[in-house]
Number of protein chains: 2
Amino acid sequence: MADAALFEFLHMEMVAELWAHHSDPGPGGQKMSLSVLEGMGFRVGQALGERLPQETLAFREELDVLKFLCKDLWVAVFQKQMDSLRTNHQAQVLPSPHWAPLCPQGTYVLQDNSFPLLIRMASGPQYLEEAPKFLAFTCGLLRGTLSTLGIKSLVTASVASLPTCKFQVVIQKT
Amino acid sequence: MADAALFEFLHMEMVAELWAHHSDPGPGGQKMSLSVLEGMGFRVGQALGERLPQETLAFREELDVLKFLCKDLWVAVFQKQMDSLRTNHQAQVLPSPHWAPLCPQGTYVLQDNSFPLLIRMASGPQYLEEAPKFLAFTCGLLRGTLSTLGIKSLVTASVASLPTCKFQVVIQKT
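Calculation rules
Residues numbered from 1 in each chain as written. Chains lettered and ligands numbered in written order. Predicted model: local features only at pLDDT ≥ 70, side-chain atom pairs only at ≥ 80, totals over all residues. Heavy atoms only, no water. Least-squares fit on C-alpha atoms with pLDDT ≥ 70 in both. Contact = heavy atoms within 4.5 Å. Phe/Tyr/Trp six-rings, centres within 6.5 Å; stacked < 30°, edge-to-face > 60°. Helix = DSSP H or I, 4+ residues; strand = E, 2+ residues; numbered from the N terminus. Buried < 20%, exposed > 50% of the residue type's maximum accessible area, 1.4 Å probe, protein only. Salt bridge = Lys/Arg side-chain N within 4 Å of Asp/Glu carboxyl O. Nonpolar A, V, L, I, M, F, W, Y, C, P; charged D, E, K, R; others polar.

This part is about the relation of the copies chain A and chain B. You can overlay chain A on chain B at an RMSD of 0.0 Å; the transform is a turn of 180° with a shift of 0.0 Å along its axis. In the structure described here, the two chain copies are related by an operation that fits a two-fold rotation axis. For chain A, the minimum C-alpha distance to the rotation axis belongs to F7 of chain A and amounts to 3.1 Å. Here 100% of the contact residues of chain A are again contact residues in chain B; the copies associate through an equivalent surface.

All names here are of chain A. Taken as a whole and assessed by the stated rule, the structure comprises 14 aromatic pairs over all chains. Where W74 meets F167, the ring centres are 5.6 Å apart and the plane angle is 70°; that geometry is what we call edge-to-face. One end of the pair, W74, is in helix 4 (residues 62-78); the other, F167, is in strand 5 (residues 165-171), and 93 residues separate them in sequence. Among the residues examined, W74 registers a relative accessible area of 0% and is labelled buried. When its relative accessible area of 0% is taken as the criterion, F167 is described as buried. An aromatic cluster of at least three residues, connected via ring pairs, comprises F7, W74, F78, F115, F137 and F167.

This part is about the interface of chain A and chain B. Interfaces are often sized by the accessible area lost when the parts come together. At the interface, 27 residues of chain A touch 28 residues of chain B. Scanning the region where chain A abuts chain B turns up 2 salt bridges. Across the salt bridge formed by R43 of chain A and E13 of chain B, the nearest N and O atoms sit 2.7 Å from each other. Broken down by secondary-structure element, the contributors of at least two residues to the side of chain A that touches chain B are helix 1 (3-22), helix 2 (27-50) and helix 4 of chain A. If one sorts the elements of the side of chain A that touches chain B by residue count, helix 1 of chain A sits on top with 12 residues. Tallied by class, residues from the side of chain A that touches chain B come to 19 nonpolar, 2 polar and 6 charged.

As far as function goes, none of this settles anything; it's purely spatial.
Rendered as structure tokens:
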């Protein structure tokens, strides 16, 4: 019954709490709160990553890892799969078998057409500026899971039209 | 895979974050952080309560509600049932059919013998003083769910030996 909603409600409270008591009202304070949320997401992602079965931890292809994020991680956290994975501006809808060869440069765009943490927000362009605080935790979550899987990355998110959301993952080659 | 652990990890981060940046080091600051956590739990419990099926919202017997908390709510949040429910110092292990008549005064003790939010803590009496910050959210969660079900309550928790934990629910008659 309630278990699927628990994470969503808790996330909402966390955002509200950080904004209500933690943040200076200016842009500096907001940036700080975003960074705190991202950090929490990172550590949760790391911890989730550590619980993965050993065979998962052993995959070495970047693309297998991204596929894992779009399917297994997303289902575990949001009870749905990511809607599409793109790289180099070529769209591929999961679970197409044809997306595998499209990934040369380590930049991926993961799109969720109805991102659960945005879905309760009123839509309309005037609400777009509220979106970043509902994305920071999940950016961290992706970055943290990747980190446990041995991949250093930068993850950002953007919203053009609610509740569709794109996460851009740029792999950091070392 | 990871979904059962998500809440646990997120809760851990929330506690750590509130203690690291939110709290004055003194007892006043700690009390404030406990109250913030309890409030977050209360609102999450309320929201979960609002998602319950109508037939659940319709039960009017206090005891049915407590039974619901011990079984359905606990399974939804912690993937296990509460281990026992007591009232007036008479122990009854769930799901005994005999516990129904034991509830005249509106005070209940719900015991979890391996409370998941305490289970990762090192045991030993020296860690007992750390326990309250891992209990405040859940006290709020119980109070919030009861509130949506039309019951005003006070909920406190105590730990005598980790990871066993008792929640005391005192119903507030109006």
